[in-house]
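An overview of the molecular structure
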Amino acid sequence: MDLTEDDVAAIYDVTDPWRAEPGTSDALYTEFAMSAQSVLDVGCGTGQMLHCLRDNGYTGRLAGIDPDAASLRRAQRRADIAVEWVEGTAADIPWKQEFEVATMANNAFQCLIEDDEVRASLTAIRGALTDGGRFLFETRHPQARAWEDWAAAEPRRLDFAGRVLVMSWEIESAVDGVVTMIETTSQEDGTVLHVGRDRLRFLDLPTLNAWLEDAGFVVEEQYGDFRRGPITSDSRSIVTIARTA
Ligand SMILES: C[S@@+](CC[C@H](N)C(=O)[O-])C[C@H]1O[C@@H](n2cnc3c(N)ncnc32)[C@H](O)[C@@H]1O
């Protein structure tokens, strides 16, 4: 039987669980969010970060926005915790000057593809923040050409709902900083259950920083990894904390 979009959202939590262990991106986001009284998670997906914050005793205001209905349905399964969930893109953010902190975890920023979309999203995130509010996000550094690793990756087997699934990836194109990747999920016998097509933008550092400034941000801290190391010619990520100007 084919996988539903709800299955795909549930599989994401199996393949990419939130793990706030020292030195990980999840730890940096968790620590950053815990320091504020209100947190907006943009591209919140299945809500893992916000769930984790509440489970860690966070008592402030939490909101999550994501355009993927199945992911949001999964996020909302946690009816025991108070989070404002909104279906929409970053550019659609409805809040104005309400949050001390905004986040885009696990490279959600790379889902912003067109120049206008990136710029409109940054402006909307800036608009949702209070004066002095801060925005933490990461984007893979184009110099590391991560898509070449994905194209070479061995298929991944996983157990899901009593079935063995096999996930594999192929790169359809990598053109002008936009990578299109096909993710195929199959049964062990090769029967295809789901095919997903993701586009990811790889933005260079000067353009990223210019657009942050245009949107009304000042880059406060910028790292090449989640242990707060500098950006070098080997860095695989650009991790940014930007403050409202
Ligand atoms: C790799 S997932 C990360 C999910 C979540 N932040 C996490 O850490 O588990 C990227 C998310 O970005 C969302 N997304 C795609 N386009 C978006 C947009 N234009 N604005 C905001 N989020 C978007 C996707 O639906 C997806 O849930």
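Residues numbered from 1 in each chain as written. Predicted model: local features only at pLDDT ≥ 70, side-chain atom pairs only at ≥ 80, totals over all residues. Heavy atoms only, no water.

1. Some thoughts on the overall build of the chain
When helices and strands are counted, the chain shows seven helices and eleven strands. The C-alpha atoms of the chain give 18 Å as radius of gyration, which agrees with the globular expectation for 245 residues (18 Å, within 12%). C-alpha atoms of the chain, sized along the principal axes, occupy 55 × 45 × 35 Å. Buried residues in the chain amount to 49% of all 245 residues. For the chain, the proportion of contacts with a sequence separation of at least 24, taken over those separated by at least 6, is 60%. Accessible surface, the chain: about 11500 Å² in total, of which carbon and sulfur atoms supply 47%. Charge separation in the chain, taken as the distance between the mean sites of 23 positive and 43 negative side-chain charges, equals 3 Å. (Helix = DSSP H or I, 4+ residues; strand = E, 2+ residues; numbered from the N terminus. Rg over C-alpha atoms; globule rule 2.2 N^0.38 Å. Buried < 20%, exposed > 50% of the residue type's maximum accessible area, 1.4 Å probe, protein only. Contact = heavy atoms within 4.5 Å. Areas by Shrake-Rupley, 256 points an atom, 1.4 Å probe, with all protein chains shown as cover. Lys, Arg positive; Asp, Glu negative; His and termini not counted. Charge placed at Lys NZ, Arg CZ, Asp CG, Glu CD.)

2. So, the environment of Ile93
Looking at the secondary structure, you find Ile93 in the loop between β3 (84-87) and β4 (99-104). Separated by 83 residues in sequence, Ile93 and Asp176 have C-alpha atoms that sit 27 Å apart. Beyond its immediate sequence surroundings of up to four residues, Ile93 is in contact with Leu40, Val42, Ile65, Ala124, Ile125 and Ala128.

3. Observations concerning the sheet that holds strand β2 (residues 61-66)
Taken together, the seven strands give an open sheet; going across it, the order is β3-β2-β1-β4-β5-β11-β10, and neighbouring strands pair in mixed fashion. Of all the strands in the sheet, just β3 and β10 (217-223) have a single pairing partner and so form its edges. Pairs of neighbouring strands in the sheet enclose a mean axial angle of 15°, with direction left out of account. Sheet analysis places strand β1 (residues 38-42) next to β4, joined by three bridges and oriented parallel. Paired with Asp41 across the two strands is Thr103, which belongs to β4. Against the sheet, helix α5 (residues 115-128) makes contact with β1, β4, β5 (129-140), β10 and β11 (237-244), and its axis sits at roughly 140° relative to β5, the strand it touches most. Packed on one face of the sheet, helix α7 (residues 205-214) meets β5, β10 and β11 and runs near 145° to β10. (Pairing = 2+ DSSP bridges. Axes fitted to C-alpha atoms, helices over the stretch in contact; angles between N-to-C directions.)

4. A look at the pattern of salt bridges
Counted by the stated rule, this structure contains 17 salt bridges. What you see here is one network of salt bridges that share partners, running through Glu31, Glu221 and Arg228. (Salt bridge = Lys/Arg side-chain N within 4 Å of Asp/Glu carboxyl O.)

5. Some words on the domain arrangement of the chain
With domains assigned, the chain is organised as domain 1 (5-141 + 203-244) and domain 2 (143-201). Facing the 24 residues of domain 1 at the interface are 17 residues of domain 2. Buried surface at the junction of domain 1 and domain 2, both sides included, amounts to about 1700 Å², of which 55% is carbon and sulfur. The interface formed by domain 1 and domain 2 holds three salt bridges in total. For the salt bridge of Arg201 with Asp115, the shortest nitrogen-to-oxygen distance reads 2.9 Å. One can count ten residue pairs in polar contact (both at pLDDT 80 or more) joining domain 1 with domain 2. Listing elements by their share of the side of domain 1 that touches domain 2, those giving two or more residues are α1 (5-15), α5 and β5. Here the side of domain 1 that touches domain 2 gets seven residues from one element, more than from any other, and that element is α1. Along the lines of polarity and charge, the residues of the side of domain 1 that touches domain 2 split into ten nonpolar, seven polar and seven charged. (Domains from an automatic or database assignment. Buried area = accessible area lost by both parts, 1.4 Å probe. Polar contact = N/O pair within 3.5 Å; in protein donor to acceptor, adjacent residues only side chain to side chain. Nonpolar A, V, L, I, M, F, W, Y, C, P; charged D, E, K, R; others polar.)

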